[in-house]
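Listed below, chain by chain, are the residues.
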Amino acid sequence: MGGVHPPENKLAEKQTIERLDPPKSVAIPLAQHLGVPAEPVVARGDQVKTGQRIAKGEAFISAHIHSSVSGKVKKVDAVVDASGYRKKAIIIDVEGDEWEEGIELDEGLQKQCDLDAKEIMTKVQEAGIVGMGGATFPSHVKLNVPKGKKAEYLIINGVECEPCLTADHRLMMEKGEEIMVGIELQMKALGVKQAIIGIEQNKPDAIQHLTRLAADYDGISVQALEVKYPQGAEKQLIKALINREVPSGKLPIEVGCVVHNVGTAFAVYEAVQKNKPLIERVVTVSGTSVKKPSNFMARIGTPVSALIEAAGGLPEDTGKVINGGPMMGKALNDLEVPVTKGTSGILIFTENESPRPPEQNCIRCARCLTICPMGLEPYLLAQLAEKQRLEECEDERIMDCMECGSCLYICPSAKPLLDHIRVGKTRVGKMIRERSG
Amino acid sequence: MKLLTVSGSPHYHAKESVSSLMYGVIFSLIPAMLVSFYFFGLPAILITLTAVVSCMFFEFIIQKYLIKGPVTIFDGSAIITGVLLAFNVPANLPLGLMVIGSAVAIGMGKMTFGGLGKNPFNPALVGRVFLMISFPVQMTTYPKPTAFTTQLTDVVTGPTPLTALKDGVTQGVPVSEIMTQLPEYGRLLIGNMGGSAGEISAIAIILGGIYMVIKKIISWHIPVTFIGSAAIFAALFWLINPEVYPDPVFQLLTGGLMLGAIYMATDYTTSPMAPWGMIIFGVGCGLLTMIIRFFGAYPEGVAFSILIMNAFVPLINRGFKPKRFGEEVKNG
Ligand code: SF4
Ligand code: SF4
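This structure is a prediction, so every number in the text was calculated from the model and none was measured. (Residues numbered from 1 in each chain as written. Chains lettered and ligands numbered in written order. Predicted model: local features only at pLDDT ≥ 70, side-chain atom pairs only at ≥ 80, totals over all residues. Heavy atoms only, no water.)

Caption draft 1: The arrangement of the overall build of chain B in detail. Secondary structure assignment for chain B yields 15 helices and zero strands. With 332 residues in all, chain B has 57% of them scored as buried. Sequence separation of at least 24 residues holds for 74% of the intrachain contacts in chain B that already meet a minimum separation of 6. For chain B, the exposed surface amounts to about 14,000 Å²; the carbon and sulfur share of it is 72%. (Helix = DSSP H or I, 4+ residues; strand = E, 2+ residues; numbered from the N terminus. Buried < 20%, exposed > 50% of the residue type's maximum accessible area, 1.4 Å probe, protein only. Contact = heavy atoms within 4.5 Å. Areas by Shrake-Rupley, 256 points an atom, 1.4 Å probe, with all protein chains shown as cover.)

Caption draft 2: Structural detail: the site of ligand 1. Inspection of the region around ligand 1 gives 14 residues, with Cys362(A), Cys365(A), Ala366(A), Cys368(A) and Cys411(A) positioned closest. Mapping the residues near ligand 1 onto chains gives chains A and B. Partitioning the shell around ligand 1 into residue classes produces 10 nonpolar, one polar and three charged. (Near = heavy atom within 4 Å. Nonpolar A, V, L, I, M, F, W, Y, C, P; charged D, E, K, R; others polar.)

Caption draft 3: Local environment of the domain arrangement of chain B. Residues and elements named next belong to chain B. Taken domain by domain, chain B holds domain 1 (18-139) and domain 2 (161-319). The centre of domain 1, based on its C-alpha atoms, is set 21 Å off from the matching centre of domain 2. Each partner contributes residues to the interface: domain 1 has 34 residues there, and domain 2 has 33 residues. Taken together, both faces of the contact between domain 1 and domain 2 bury some 2,700 Å²; the carbon and sulfur share is 74%. One can count zero salt bridges joining domain 1 with domain 2. Here domain 1 is connected to domain 2 by three residue pairs in polar contact (both at pLDDT 80 or more). If you list the elements that add at least two residues to the side of domain 1 that touches domain 2, you get α1 (18-28), α2 (30-67), α3 (77-87) and α5 (123-134). With seven residues, α5 is the largest single contributor of residues to the side of domain 1 that touches domain 2. (Domains from an automatic or database assignment. Buried area = accessible area lost by both parts, 1.4 Å probe. Salt bridge = Lys/Arg side-chain N within 4 Å of Asp/Glu carboxyl O. Polar contact = N/O pair within 3.5 Å; in protein donor to acceptor, adjacent residues only side chain to side chain.)

Caption draft 4: Examining the site of ligand 2 more closely. Residue and element names in this part refer to chain A. Taken together, 13 residues surround ligand 2, and among them Cys372, Cys401, Cys404, Gly405 and Cys407 come closest. Of all the secondary structure elements, the ones that give two or more residues to the shell around ligand 2 are α12 (406-410) and α13 (417-435). Tallied by class, the residues present in the shell around ligand 2 amount to 10 nonpolar, two polar and one charged.

Caption draft 5: Structural detail: the sheet that holds strand β11 (residues 220-225) of chain A. Residues and elements named next belong to chain A. Taken in spatial order, the four strands make up an open sheet running β11-β10-β9-β12, and their pairing is parallel. A single partner strand is all that each edge strand has here, and the edge strands are β11 and β12 (257-261). Across this sheet, the average inter-strand angle for adjacent strands is 25°, counted without regard to direction. Pairing between strand β10 (residues 194-200) and β11: six bridges, direction parallel. Bridge pairing links Ile196 to Ser221 in β11. (Pairing = 2+ DSSP bridges. Axes fitted to C-alpha atoms, helices over the stretch in contact; angles between N-to-C directions.)

Caption draft 6: Local environment of the interface of chain A and chain B. Of the residues lining the interface, 70 residues belong to chain A; the matching set on chain B comes to 44 residues. In total, about 4,600 Å² of surface goes out of reach between chain A and chain B, with carbon and sulfur atoms giving 54% of it. The largest contributions to the chain A side of the interface with chain B come from Glu245(A), Ile363(A) and Arg364(A), which together make up 16% of the buried area. Linking chain A with chain B are five salt bridges. The shortest N-O distance in the salt bridge between Lys321(B) and Glu396(A) comes to 3.2 Å. Our count for the chain A to chain B interface comes out at 26 residue pairs in polar contact (both at pLDDT 80 or more). Of all the secondary structure elements, the ones that give two or more residues to the side of chain A that touches chain B are α6 (234-242), β15 (318-323), β16 (330-332), α9 (367-371), α10 (378-386), α12 and α13 of chain A. Top element by residues in the side of chain A that touches chain B is β15(A). It accounts for five residues. Broken down by class, the residue content of the side of chain A that touches chain B amounts to 37 nonpolar, 15 polar and 18 charged.

Caption draft 7: Structural context of the domain arrangement of chain A. With domains assigned, chain A is organised as domain 1 (23-94), domain 2 (117-274), domain 3 (280-350) and domain 4 (367-435). Taking the mean C-alpha position of each, domain 3 of chain A and domain 4 of chain A sit 29 Å from one another.

Caption draft 8: Summary view of α10(A). Counted residue by residue, α10(A) has seven buried out of nine residues, so it is predominantly covered. Looking at α10(A), one finds that the buried residues are Pro378(A), Tyr379(A), Leu380(A), Leu381(A), Ala382(A), Leu384(A) and Ala385(A). Buried residues along α10(A) sit against α9, α11 (390-395), α12 and α13 of chain A together with α15 (302-319) of chain B. Trailing α10(A) by a residue or two, Gln388(A) shows a phi angle of about 60°, which is positive.

Caption draft 9: Seen up close, the packing of aromatic side chains. Residues and elements named next belong to chain B. Within this structure, the stated rule accounts for 13 aromatic pairs over all chains. Geometrically, the ring pair formed by Phe27 and Tyr211 is tilted, given 5.3 Å between the ring centres and 50° between the ring planes. Taken together, the residues span a long stretch of sequence, with Phe27 in helix α1 and Tyr211 in helix α10 (residues 202-214) at a distance of 184 residues. Ring geometry for Phe60 versus Tyr65: centroids 6.4 Å apart, planes at 85°, classification edge-to-face. Site record: aromatic cluster; members linked through ring pairs are Phe233, Phe237, Tyr245, Phe294 and Phe295. (Phe/Tyr/Trp six-rings, centres within 6.5 Å; stacked < 30°, edge-to-face > 60°.)

Caption draft 10: Representation of the environment of Glu403(A). Residue and element names in this part refer to chain A. Of note, Glu403 is situated in the loop between α11 and α12. Along the chain, Glu403 and Arg422 lie 19 residues apart, while their C-alpha atoms are 7.4 Å from each other. Dropping the residues within four chain positions of it, Glu403 is found in contact with Met328, Leu418, Arg422 and Lys425. Here Lys425 takes part through its side chain, which lies 3.0 Å from a polar atom of the side chain of Glu403.

Caption draft 11: Structural detail: the confidence of the model for chain B. Residues and elements named next belong to chain B. Model confidence for chain B is summarised by a mean pLDDT of 85, while 87% of its residues fall at 70 or above. Per-element mean pLDDT across chain B ranges from 64 in helix α9 (residues 185-190) up to 95 in α1. Ignoring residues within four places in sequence, the model shows residues 152-156, a span with pLDDT below 50, making 10 contacts including any to other chains. The ipTM for the predicted assembly is 0.87, set against a pTM of 0.89. (pLDDT = per-residue confidence, 0-100.)

Caption draft 12: Here's a closer look at the packing of helix α3 (residues 167-174) of chain A against helix α7 (residues 262-274) of chain A. All names here are of chain A. Where α3 meets α7, the closest approach of the two axes is 9 Å, and the angle between their N-to-C directions is 50°. When the interaxial angle is binned, α3 and α7 end up oblique. The hand of the α3/α7 crossing is left-handed. Residues Asp168, Leu171 and Met172 of α3 pack against Val262, Gly263 and Phe266 of α7. (Parallel < 35°, antiparallel > 145°, perpendicular 65-115°, else oblique. Left-handed = near helix turned anticlockwise from the far one by under 90°.)

Caption draft 13: Summary view of the pattern of salt bridges. In total, this model carries 31 salt bridges over all chains according to the counting rule given. One salt-bridge network, in which partners are shared between bridges, spans Arg19(A), Asp97(A), Glu107(A), Lys175(A), Glu270(A), Lys276(A), Glu280(A) and Arg299(A).

Caption draft 14: A look at the sheet that holds strand β17 (residues 345-350) of chain A. All names here are of chain A. As summarised here, the arrangement of the six strands in space is β1-β14-β13-β17-β15-β16, forming an open sheet in which the pairing is mixed. Each end of this open sheet is capped by a strand with a single partner; those strands are β1 (18-19) and β16. Here strand β13 (residues 280-286) runs beside β17; their pairing, made up of three bridges, is parallel. Across the sheet, Val285 pairs through a bridge with Ile346, a residue of β17.

Caption draft 15: Local environment of the pairing of strand β14 (residues 294-299) of chain A. All names here are of chain A. β14 sits mainly inside the fold: six of its six residues count as buried. Because side chains alternate across β14, one face comprises the buried residues Ser294, Phe296 and Ala298, and the other comprises Asn295, Met297 and Arg299, equally buried. Summarising the sheet, β1 and β14 pair through two bridges and their orientation is parallel. Bridging from a neighbouring strand, Glu18 pairs with Phe296 of β14.

Here's what the structure looks like:
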C-alpha cells in the first residue's frame with residue numbers, strides 16, 4: 001500500500017567505514033532514547049574512562065549511558081541537541097583514550113556464546129543499547145516479551161529506505177558476520193526460531209553477502225524487498241516480509257514480531273561478545289556539495305561540525321544541514337550539536353536544494369491519499385488539524401500517522417500537510433491523555 | 001556563519017507540480033486535437049484557440065481585478081478548461097458564443113468558488129451546459145466532417161449519430177434500419193462522424209487516457225468503471241430489444257462518452273479522492289449517461305451525468321475512505 005520513490009542519492013554507498021578519532025571535547029546527552037532520561041552518576045571534575053557508565057537509566061523505559069571518551073567531566077549542563085532544544089548533557093574534556101577494563105578491543109570474530117536468554121538481555125541493558133535506526137527505543141525492553149504475548153519472528157531491518165543514508169548498508173557489507181552473531185543472540189534472548197533480514201533491492205551486494213553468510217546460521221534468512229519509501233517503517237516492513245498488519249495503535253509483538261535494526265544487531269554483538277557498551281556508531285555524512293561523502297564510525301557526543309570537517313568541510317553554498325535522512329530528518333540550526341545513539345546521517349543541502357516549492361491551493365488530486373502508507377487522508381487531516389477540529393482528526397485516525405513525510409513530498413501543490421498534521425497529533429495526543437485522566 | 005534554513009521534514013519534494021500535471025493532461029490531448037483539426041479544419045483550430053485564449057483572459061481579469069490575488073493563468077488549468085470546452089461544442093459554433101461560454105466556464109464554473117481546487121462542478125461542463133440551454137440551435141448544428149477544409153459554412157450540416165438515432169427511435173424506426181444510414185464503426189472509432197469538435201475520435205482520446213494512466217496523472221478507476229458500467233447497461237437493453245436499443249459498441253463510440261469518461265469525469269477537483277469513491281463515481285456516471293440517453297429528452301447524457309455525480313462528490317468522499325493500514329486484522 002502506498003509509498004513514494006524519492007531519488008536515492010546514496011553517494012557514500014561505496015565508502016568504507018572510517019574510524020574517527022575522539023574530538024577534543026564531547027557532549028553526551030542524557031536523553032538519547034525514547035523514555036525517561038538517564039540520571040548522571042558522575043560529577044564535575046570526575047575522571048572517566050572510555051566505556052565507563054556515566055548515567056543510569058533505571059526506569060522501565062530508559063537506557064544507560066556510557067562515556068565515549070576518556071578524560072575529565074567538565075560539567076553537567078544543558079546543551080542544544082539535534083531537536084533544537086536545550087537538554088541536559090555530560091560534557092567531557094578528552095584526555096587520551098583509555099578504555100574501561102573488561103572491554104575487548106581486538107576485532108576478531110567471536111562466535112561462541114554460552115550465556116542464556118536472561119544473561120544476554122542483561123548485557124544488552126548494561127550496554128545501553130537503543131534502536132539504531134532512528135527510533136531509539138531501548139532494545140532490552142523490546143527483547144523482553146510482555147506476558148501473554150509470544151514472539152515468533154525476529155525481523156531485522158536492513159532496508160535503509162531513507163535516501164542518501166548508507167550507514168546500515170556499509171555495516172552490512174563490513175560487519176556481516178558480527179551482525180549474524182548479533183541476530184543469533186537476539187533470537188536466543190527472545191526464544192524465537194526464525195529471523196528474517198529485510199533489505200531493499202537497491203543493495204544487491206548486501207543482499208548477496210548476507211544471504212551467503214546466513215546459510216551458516218540456523219533460522220536466519222534474507223529477503224529482498226521492493227524499493228519504495230517507507231519500506232523500512234516497522235509496520236510496513238512486517239507487512240512486506242510476512243504479510244501481517246500490526247493493528248492501529250499496537251506494537252509489532254501483537255502479530256508475533258520484534259523488529260530490530262542491523263545496527264542494533266551489531267551493537268548487541270559488541271555488547272555481549274566484546275563487553276562493549278554503545279559508545280560509537282556509523283554516521284553517513286553526505287550531500288551533492290560534500291567533498292568527500294563518507295561513513296564514519298564516530299564517538300557519541302562528537303559535534304556534528306567535526307564530522308562535516310572530516311568529510312571535507314562545510315561547502316560555501318550550504319543552505320541546510322539535516323540530522324537524519326531527507327524524508328524524516330531534522331534541519332539543524334546549530335552545527336555544534338552532538339552525535340547521539342540515533343544519529344544515522346548528517347546531510348548537507350545547497351541553498352538551491354533547501355527551499356520548499358511555494359504553496360498553492362489543494363487541487364484534490366488524491367496523490368497524498370494514494371501514497372499514504374497508513375491509508376490515511378493527509379489532505380483531510382491537514383484541513384481538520386488546521387481548523388482544530390480535533391475529535392474529527394481522531395476519528396480520521398490522525399494518531400496512526402507515522403510522520404513519514406511522503407504526503408508532503410508528493411503533493412503537487414506543496415501543501416504543508418505534515419506540518420499541520422504534526423501539530424494536530426500533538427493536540428489530539430493531549431486531548432486523549434486528558435480524557436483518560 | 002550564515003543562517004541555515006530550518007524547516008520541517010521532508011526535505012525532498014517530488015518534481016511534479018500543479019502545472020506539470022496540467023501540462024501533462026494538455027500534452028495527452030494533442031492526438032484528439034489533431035483529429036479534430038483534420039476532420040473539421042480551420043474552424044476547429046479557431047474555436048479551440050478562441051476557447052483557450054478566452055479562458056485564460058477571463059481567469060486573468062478575475063484574479064487580477066476582482067480577487068486581486070495571485071494570477072495563475074499559466075498553471076495550465078485554464079488551458080485545459082478551454083480545450084475541453086472547445087471539444088464539447090460543434091466546430092462551427094460562432095466564435096462570439098465560444099467567448100461567452102468561456103466566461104461562464106471560468107467565471108461561474110471556477111472562480112466564484114475560489115478558483116482551482118475549490119469548484120464543485122467541472123468548469124468546462126458548466127460552460128457547455130450553459131451554451132446548450134441558452135443557444136440550443138447553434139449547439140446542435142453539427143458540421144459534417146470533411147478532411148482539411150478551411151471553411152465549414154457551406155458544408156452541409158448533419159446530425160450526430162446519437163441525434164439521428166434518437167429521432168429515428170422516437171419515430172418508431174427500428175434501430176437496424178437507422179444504423180444503415182450511420183457511419184460504420186471503423187469510422188466512428190477514428191472520429192469520422194458528426195459531433196462536437198473533439199469528442200469524435202475515440203481512438204485518439206483512449207490514447208491520451210492510456211498516456212495519462214501510465215504517467216500516473218490520473219488513475220484507471222473512473223474511466224474504466226464509467227465506460228464499463230455504460231457498456232454493461234447498454235448491453236442489457238440491447239439484448240432485451242435490439243430494435244429499440246443500439247448495441248453497446250455504438251454507445252461507447254459516440255456522443256463524447258470517451259471524452260467524458262477519460263477527461264471530464266477524471267477532473268481532480270470534482271471527482272472523489274479514495275479508490276472506492278472513484279469507482280462508485282465512475283459507475284454512477286456510466287449508468288446515468290445511459291439512462292439519460294435511453295429515457296431522457298436529450299440524445300446525449302455524458303455532460304449531465306458527470307455534473308450530477310459532481311454534486312455527490314462530498315458525500316462520496318465522506319462515505320468511502322481509503323483502506324486504513326491495520327484496520328482489519330487478517331493474519332497469516
Ligand atoms: S496531494 Fe496535495 S493537492 Fe493533491 S489532494 Fe493531497 S493535499 Fe491536495
Ligand atoms: S506523514 Fe502521515 S499522513 Fe503523511 S503519508 Fe506519512 S503516514 Fe501518511
